[in-house]
Each structure stands twice: as C-alpha cells, then as structure tokens.
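For reference, the chains in residue letters:
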Amino acid sequence: MPVKLPEKGFSKSKVIADINMAVADDQQYDTGHILGSMCTTPHTFAIKIASMYPEKNLGDPGLFPGTSRLEAETIQMLGDMLGDEHVVGNIVGGGSEANIIAMRVAKKFKENLEKPEVLAPETVHASFYKAADFMGFKIKALKLDKDFEFDLAEFDSAINKNTIGVVGIAGTTSLGLVDPIEQMGKIIESKNNDIFFHVDAAFGGFVLPFLRDLGYKLPKFDFLVPQVMSMTCDPHKMGLNLIPSGSFILREHFYKDVLGFDIPYLAGGAFKHFNVMGTRPGNVVLACWGLMRHLGREGYRAVVKECWDNTLYLRERLKELEKYIGVAREPMINVLGMTSNTNVPMSEIDKALRNKGWYLGFFRNMNPPIERIVVMPHVKSPAIDVFIEDLGKIVRELH
Ligand SMILES: Cc1ncc(COP(=O)(O)O)c(C=O)c1O
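Keep in mind the model is a prediction, meaning the values are calculated, not measured. (Residues numbered from 1 in each chain as written. Predicted model: local features only at pLDDT ≥ 70, side-chain atom pairs only at ≥ 80, totals over all residues.)

Student: Outline the site of the ligand, listing residues and values.
Tutor: Taken together, 15 residues lie near the ligand, and Gly94, Gly95, Ser96, Thr173 and Ala202 sit nearest. When residues of the shell around the ligand are assigned to their parent elements, the largest contribution, three residues, is made by helix α4 (residues 95-109). The residue makeup of the shell around the ligand, split by class, is four nonpolar, nine polar and two charged. (Near = placed C-beta within 6 Å. Helix = DSSP H or I, 4+ residues; strand = E, 2+ residues; numbered from the N terminus. Nonpolar A, V, L, I, M, F, W, Y, C, P; charged D, E, K, R; others polar.)

Following this line, the structure appears as structure tokens:
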C-alpha cells in the first residue's frame, strides 16, 4: 500500500521509532563488512558542525557571505593540497557533479564544434558518460592493456580537431590507479590546440597528497602538472566529510565570465554560478572547512597511513589464498582489485560473499572481472582477518 501524508501527524517518538525500524535493515560501516564503498562514517567534528548550521543555502550566497567566504577558502585549501592555491570552484554534490561541470567548462571553451569529443581512458567514471549524454558530445575511450594502462602513442594520435577535452584519472574507481598525467600534459601541450585537461581525483585527491607526504614515490597527478586546468576531489570520500560534498576546482586564470549562469532575482542579490545544483547545502561546506582546519595535513596523513597499512596487511593475507585469488594489479593506493585465479568465475565468489554478509564492489564489465575492496577508515585488521577466513572457506567450497 502506498504511504499517505497523514492528516494528523504522529508523535516524534513514534516517527523516530518507525525510522529506526526501517534503518535497522541498513548496513553499518562499523561492522567492517562494507568493503566496497568509497564512503565511510563522517568525522564526528564534521557532523557536529553540519548540525549547527542546517539553514545555510549557498544557492543564494549573497545572504550567506560568511559561509560563501569559507567555501572559497575550502577550495583554496583543496587547491593547495593539490599543488596550486590560486584556484576557484565550489563544493558540489559529489564527484559526478564536479565531473559534469568540468565537461561543461571544456565544451564552453571550444564552442561551435560540430562533433565534439572528449578523450578518456576506458576506466573513466560513469559521470563522464552522463555529461556526454546531457551535452551531446562523444567519449572516445582509450583501450587499456592487461596492466590497465593505455598506450600514450595511441592517446597522442587520438587527439584531433574535434577534441574539446581530455580526462585523466588519479585513483581509478575500480583499482585506484593513477594515469600518466604528466606525460598526457606534455602531449596535450605539443598539440597547441586549447584542449581542456581535467583530472578526476574524486577518490585519490584525499589520498595521494598524503601518501606523497609519507615518502611514497608517486608520479605527478595534480596541478603540479602545468597543463592540468581543473580537478575533481571529493571531501565525502577519503576527506571524511558529510555527503553531499565533492569539489570542482579550476585554476583561477582559466575562469571566464561565460561560464557563469546569471541568477538575477535572488534575495541576496544577483550572482553567477556554474554549478548544476541551485539551492545547495552550506552546512557541509562549513563542516568541510572546519574539518580540514582541525585535522590539517598531519591528521589526514594519519588517516591515510592507517588505510594504507591495512591495505598492505590485506594484500599479505590474500597471498594465503593465491591458488584461488589474485590481484589485478598490486595496489597503488587503498583500493585493491581481486581476480579469480581459477575457472570459478568471480561472479560466483561475489555471490557467496554477499550471502555471508560481505559487501564488495563487483566490476563485471572489466576484463578480467574484478571484485573491488576499498580499505576505508572503517575497514580494520580484525575485520580483514574474518574476511580472509570467510573468503578461504568460500573458494575451497567452490572448487
Ligand atoms: C574516480 C571517480 N570519479 C567520480 C566518482 C563519482 O563520485 P560521486 O559518487 O560522489 O558522484 C567516483 C565514485 O566512485 C569515482 O571513483
């Protein structure tokens, strides 16, 4: 029976009891059984800040100039983390919205092309296909080899007069790999063709800078590459902020007036913006600003170190099951892709894991199919031990 809006409202306690009954069906991060999510329980300090300022609406920034100023500062902190504090942008609904905005910017920079194309590796996130569908351009996908890398010579020759933009990924959704951003930049520069270069670091943005701090040798993936014009980096993933918070970050000197939509009638006064959303939450922006100021580099480094140590621990423990389970690539960040080492399909293993209450990300469209584990802060070593035990039982039973 469809639920109706009641004529007379129920008591608060009854309503809360009903909600609690419903959410009892939800999975909880603290069980350690959610192994395939890029989100986690937000930091308690971020939750506290967000609950203090629920009314802030950045869709009307003239009414909330203080919140708006802290949004600009949050973007500067993110830019600084990613190699250039001279940036503009917004905290947006998530990685998808940021990528859609980036593709609109790319298209705006090269208007009047009859057959616009965006060049991106096969592993590119679905949000780019959404953008292509909304805006009527084509994604030219670069094929990957057995190591999930694309050929730079092929990339070079795929750029043509219809190319409006290029996407590189710093932390792929499936395996957490980093594209050769620096080499891509050099090739783009050699074309002298105003091609917009966007890096999707939705996941890696809050991981790679801190792994670099910890002494890991990492290729340049961010604004340190001079040709990179904009980036996506999500506070609601490894940034430990509340959902919804992604970010679109554009180097300041690329901002053009044509990018802004005019919203002339607002109570706070006219302004221009380039977001998809109109009305949007300011409290998560304040939470993000507050959490970044509170944790600092040191705090995020500690979060990343723990996730990385647990990733290495998981990798070691998986070697005990090597006869059955392999890895698609050695992990570069806290994302690990398992593959089947036998003729038992990964889909069967995924099904059996789900039946035992483990939730991983199954990438059936990859070759070979990949079962992804994201070692988020809620994934601790005792849960990894139980997982290895369960996985061991499953693979032995299936063979
Ligand atoms: C590389 C990458 N980009 C973009 C996104 C989309 O982020 P969101 O789900 O916050 O829209 C994801 C999500 O997994 C991602 O891995």
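Student: Lay out α4 with the relevant residues and their values.
Tutor: Its 15 residues place the ends of α4 21 Å apart at the C-alpha level, agreeing with the 21 Å of an ideal helix rising 1.5 Å per residue. Among the 15 residues of α4, eleven are classified as buried, and the element is accordingly described as predominantly covered. Of all the residues in α4, the buried ones are Gly95, Ser96, Glu97, Ala98, Asn99, Ile100, Ile101, Ala102, Met103, Val105 and Ala106. (Expected span 1.5 Å × (residues − 1). Buried ≥ 20, exposed ≤ 12 C-beta atoms within 10 Å, placed from the backbone.)

Student: I'd like a rundown of the pairing of strand β11 (residues 335-340), residues and numbers included.
Tutor: Counting buried residues along β11, five of its six residues qualify, which places the element largely inside the surrounding structure. Strand direction decides the pairing type here: strand β10 (residues 325-327) and β11, joined by three bridges, are antiparallel. Pairing of Val327 across the sheet is with Met338, part of β11. (Pairing = 2+ DSSP bridges.)

Student: Outline helix α11 (residues 381-398), supporting the account with residue identities and numerical values.
Tutor: The first and last C-alpha atoms of α11 sit 25 Å apart over 18 residues, in line with the 26 Å expected at 1.5 Å per residue. Among all positions of α11, only Ile384, Phe387, Leu391, Ile394 and Val395 are buried. Down the axis of α11, the smallest arc covering the buried residues is 90°, so these residues share one side. Seen from the open side of α11, the exposed residues pointing more than 90 degrees away from its buried face are Pro382, Glu389, Lys393, Arg396 and Glu397. Against the buried residues of α11 lie α9 (283-318), β10 and α10 (346-355). (Arc of directions from axis to C-beta. Contact = placed C-beta atoms within 7 Å.)

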